[in-house]
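Next come the chains, spelled out residue by residue.
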Amino acid sequence: MSFSLQAQTTLKSFTPDSATFFDEMEQFLTKSRNREGVMVMDDFSWHWGSFSEGGRKEVYKMANLMLKKRYRAFPDFKNYLYIISKFVSSGKHNELDLQEWHKIAIKLTKSKSKKKFTAYLESCNVLLNENLIYKSKANSWAANNDNYKFGFDKIPTIEFDSLTLTCYSKGDSSVIANTKGIYYPTEQKWVGEGGKITWERAGFAKDSVYATFNNYIIFLKSPKYTIEDVKFYNLKYFDVPLKGVINEKILANVTTQKASYPKFDSYEAIFSIKDIAKGVDYIGGFSLYGRKVVGRGTAEQDAYLIFKLKDTPFLKIASKAFLIKPEKIVSQTASVTFYVENDSIFHPGLSFKFFVEDRTISMIRDGKGTSITPYINSYHQIDMDFEVLEWKIDSPIIEFKNMPGASVNRARFFSRDYFRLNDYMSLMGTQERHPLYTIKEIVSKLGTTSLTNRDVSAHTLQSNMRIESMLLYLSNLGFITYNYEAKSFEVKDKLLNWVKASGGRIDYDVIGFFSSIKSKSNATLSLLNYDLKM
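Parameters at a glance
- Residues numbered from 1 in each chain as written.
- Predicted model: local features only at pLDDT ≥ 70, side-chain atom pairs only at ≥ 80, totals over all residues.
- Heavy atoms only, no water.
- Pairing = 2+ DSSP bridges.
- Helix = DSSP H or I, 4+ residues; strand = E, 2+ residues; numbered from the N terminus.
- Core = buried A, V, L, I, M, F, W, Y, C linked by side-chain atoms within 4.5 Å.
- Buried < 20%, exposed > 50% of the residue type's maximum accessible area, 1.4 Å probe, protein only.
- Phe/Tyr/Trp six-rings, centres within 6.5 Å; stacked < 30°, edge-to-face > 60°.
- Lys NZ or Arg CZ within 6 Å of the ring centre and 35° of its normal.
- Axes fitted to C-alpha atoms, helices over the stretch in contact; angles between N-to-C directions.
- Parallel < 35°, antiparallel > 145°, perpendicular 65-115°, else oblique.
- Left-handed = near helix turned anticlockwise from the far one by under 90°.
- Contact = heavy atoms within 4.5 Å.
- Nonpolar A, V, L, I, M, F, W, Y, C, P; charged D, E, K, R; others polar.

Engineer: Help me understand the pairing of strand S8 (residues 224–234), please; the structure alone is not making it clear to me.
Structural biologist: One ladder, built from four bridges, connects strand S7 (residues 209–219) with S8; its direction is antiparallel. Looking at the pairing, Tyr210 lines up with Tyr233 of S8. Linking S7 back to S8 in an antiparallel pair, the connection comprises four residues. Pairing of S8 with strand S9 (residues 242–249) involves seven bridges; the strand directions are antiparallel. Counterpart to Val230 in the pairing with S9 is Gly244.

Engineer: Is there a simple way to explain the nonpolar core in this structure?
Structural biologist: Generally speaking, nonpolar side chains in soluble globular proteins are found buried as a group. The biggest cluster of nonpolar side chains holds 117 residues, and the ones touching the most others in it are Phe150, Phe286, Phe352 and Met363. One finds Leu427, Leu471, Val491 and Leu496 within the second-largest nonpolar core, a separate group that totals 25 residues.

Engineer: Mind showing me how you'd approach the packing of aromatic side chains here?
Structural biologist: The geometry of an aromatic ring pair is captured by the separation of the ring centres together with the interplanar angle, meaning the angle of the planes. Inspection of the entire model under this criterion finds 40 aromatic pairs. Members of the aromatic cluster, joined through ring pairs, are Phe14, Phe21, Phe22, Phe28, Phe44, Trp48, Phe51, Tyr60 and Phe77. It is Lys189 that lies over the ring of Tyr184; its NZ or CZ is 5.5 Å from the centre. One cation-aromatic arrangement involves Lys263 over Tyr289; the distance from NZ or CZ to the ring centre is 4.8 Å.

Engineer: Hey, could you run me through unusual backbone geometry in this one?
Structural biologist: The phi torsion of most residues other than glycine is negative, and most of the peptide bonds are trans. In the segment running from Phe74 into Pro75, the intervening peptide bond is cis, with an omega of 10°. Residue placement: Pro75 occurs in helix H5 (residues 73–89). Here the bond from Tyr261 into Pro262 is cis, since omega is 0°, no more than 30 degrees from zero. Structurally, the position occupied by Pro262 is in the loop between S9 and strand S10 (263–266). Not every positive phi belongs to a glycine, and Lys170 is a case in point at roughly 55°. Tracing the backbone through its elements, the reader meets Lys170 in the loop between strand S4 (155–169) and strand S5 (172–184). By relative accessible area, which is 48% here, Lys170 ends up partly exposed. Although it is not a glycine, Lys487 sits at a positive phi angle of roughly 55°.

Engineer: So what exactly am I meant to see when it comes to the packing of helix H6 (residues 95–109) against helix H7 (residues 114–130) here?
Structural biologist: The geometry of a pair of packed helices is captured by two quantities: the angle between their axes and the separation between those axes. Remark: H6 packs on H7, axes separated minimally by 9 Å, with the N-to-C direction vectors making an angle of 155°. Between H6 and H7, the crossing angle belongs to the class labelled roughly antiparallel. When you trace H6 past H7, the crossing you get is right-handed. Contact with H6, carried on its side by Trp101, Ile104, Ala105, Leu108 and Thr109, involves Lys116, Phe117, Tyr120, Leu121 and Cys124 of H7 and no other residues of that element. Residue composition of the contact of H6 with H7, by class: eight nonpolar, one polar and one charged.

Engineer: In this structure, what is going on with the sheet that holds strand S26 (residues 480–483)? I would like to understand it.
Structural biologist: Across the sheet, which stays open at both edges, the three strands sit in the order S25-S27-S26 with antiparallel pairing between neighbours. Each edge of the open sheet is held by one strand with a lone partner, namely strand S25 (450–452) and S26. On average, each strand axis in the sheet is inclined to that of its neighbour by 25°, with strand direction left out of account. Pairing between S25 and strand S27 (residues 488–491): three bridges, direction antiparallel. Looking at S27, one finds that Ser450 is bridged to Glu490. Along the sheet, helix H11 (residues 464–476) makes contact with S26 and S27, crossing S26 at roughly 130°.

Engineer: How should the pairing of strand S18 (residues 343–355) be read in this particular structure?
Structural biologist: Regular strands place their side chains on alternate faces of the sheet. Where strand S17 (residues 328–340) and S18 come together, ten bridges link them in antiparallel fashion. Across the sheet, Ile329 pairs through a bridge with Phe354, a residue of S18. Joining the antiparallel neighbours S17 and S18 is a turn of two residues, in which Glu341 adopts a positive phi near 55°. As judged from the two bridges shared by S18 and strand S20 (residues 375–377), these two strands associate in the antiparallel manner. Within S20, the residue paired with Ile345 across the bridge is Asn377. Where S18 hands over to strand S19 (residues 360–364), the hairpin turn is made up of four residues, of which Arg359 adopts a positive phi near 55°.

Written out as structure tokens, the structure reads:
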């Protein structure tokens with residue numbers, strides 16, 4: 001049997017006499033926890049003499065009801081004594097306030113759940129003594145004033161007319177300003193009305209990036225929450241507010257540079273931002289994750305960056321997601337299109353970075369997924385196989401080279417009509433049928449150049465692993481454009497032409513260049529006259 005329950009078995013009721021009640025309460029608490037009991041009663045002794053006779057009668061009644069219901073000395077009676085002491089000492093509350101609070105507490109004792117009464121006492125204690133609406137080891141929620149009143153609407157309520165609500169956790173904080181609402185302490189639920197959240201934690205001025213909202217609900221047990229139907233303001237990018245949703249979460253040891261909250265996601269999928277960087281426009285969805293702008297596409301449509309040359313769109317970067325920071329814009333997988341007169345230089349998927357201050361673009365083929373595919377250059381009628389494209393966008397020269405640190409840069413450039421029979425036959429390897437001819441048959445059978453791995457599997461009965469390995473290899477050689485995520489691919493003219501050339505049905509050439517060079521670019525493209533130097 002616990003000490004707390006032992007104390008209750010030896011005391012049947014508290015005597016309705018001031019001095020006797022005090023002595024009995026002290027024995028009751030110290031028998032449960034001696035040292036803590038002495039501390040509680042020492043604090044209570046400073047306030048007990050301030051109670052009126054009517055106030056003391058309310059206390060006798062409540063204490064005996066709690067004893068009858070077998071509530072514990074700790075934490076229940078401890079919290080109760082702290083609460084009533086604060087009522088008479090704060091200067092804010094009067095005897096009528098204490099009477100009303102007792103009525104609420106008595107109603108709550110009729111609940112079948114003893115936990116709810118315990119939770120209510122805990123909430124009232126931390127509110128009255130620490131101005132905290134909620135407190136746990138993980139987090140706490142604080143009000144910036146004591147403009148509240150206790151109430152009861154089927155369950156206890158604490159109503160705030162106006163406050164700044166702040167969540168503290170892990171050494172960080174989240175603030176909702178200009179709000180009001182009702183807290184339901186037995187549910188740990190806050191029902192708010194109106195409010196404003198800023199991105200100051202992420203380094204933005206409070207009046208330049210912020211969101212406002214109307215009705216919202218937060219369960220205070222958690223240091224994270226979601227608010228829907230907000231109006232988001234970012235004066236750098238938008239003249240009017242965006243509608244969307246906020247997700248907020250407090251994380252430990254987060255600097256301004258690495259802040260990823262609050263998070264805002266726009267409801268609308270398409271926005272246009274002129275000059276997101278000088279000479280660069282953005283089209284797509286908008287999110288702000290802490291300090292990072294996230295440009296989002298949809299399942300049906302990519303987001304775009306448009307780089308201009310002499311005020312004319314010259315380079316289009318398409319991606320499902322861009323990470324946009326003040327210092328750089330990044331996409332892990334993006335398709336790129338350079339518009340060269342009536343033709344283009346295209347790649348279906350590579351790593352893209354734009355360094356804003358240096359005004360430098362870097363495109364990297366890392367040999368994974370669609371990045372293995374060569375660039376398709378319809379202006380010069382060649383396929384280009386190199387690792388890195390680099391362009392200082394204020395310079396008239398685009399450089400094609402390999403990764404920094406390589407002792408020798410190697411690259412390949414092949415005519416679009418390039419064909420050698422030996423190269424064609426080497427693709428067959430040990431297979432019974434030539435893979436290019438097999439795919440050409442599927443194209444003819446289905447009447448489309450847009451195929452899937454399943455189409456190949458149904459035609460060849462090969463394993464999925466073997467089919468994907470083959471398609472990745474063909475994509476690397478520029479015969480198809482492979483979508484690794486969708487397990488689909490687009491058949492290019494090169495594949496169909498090689499099959500025809502193998503049977504002597506079309507003309508071809510054998511022009512190809514292999515570049516191997518130290519400390520220089522493998523090739524450059526002049527934007528003055530579009531000359532390609534290798």
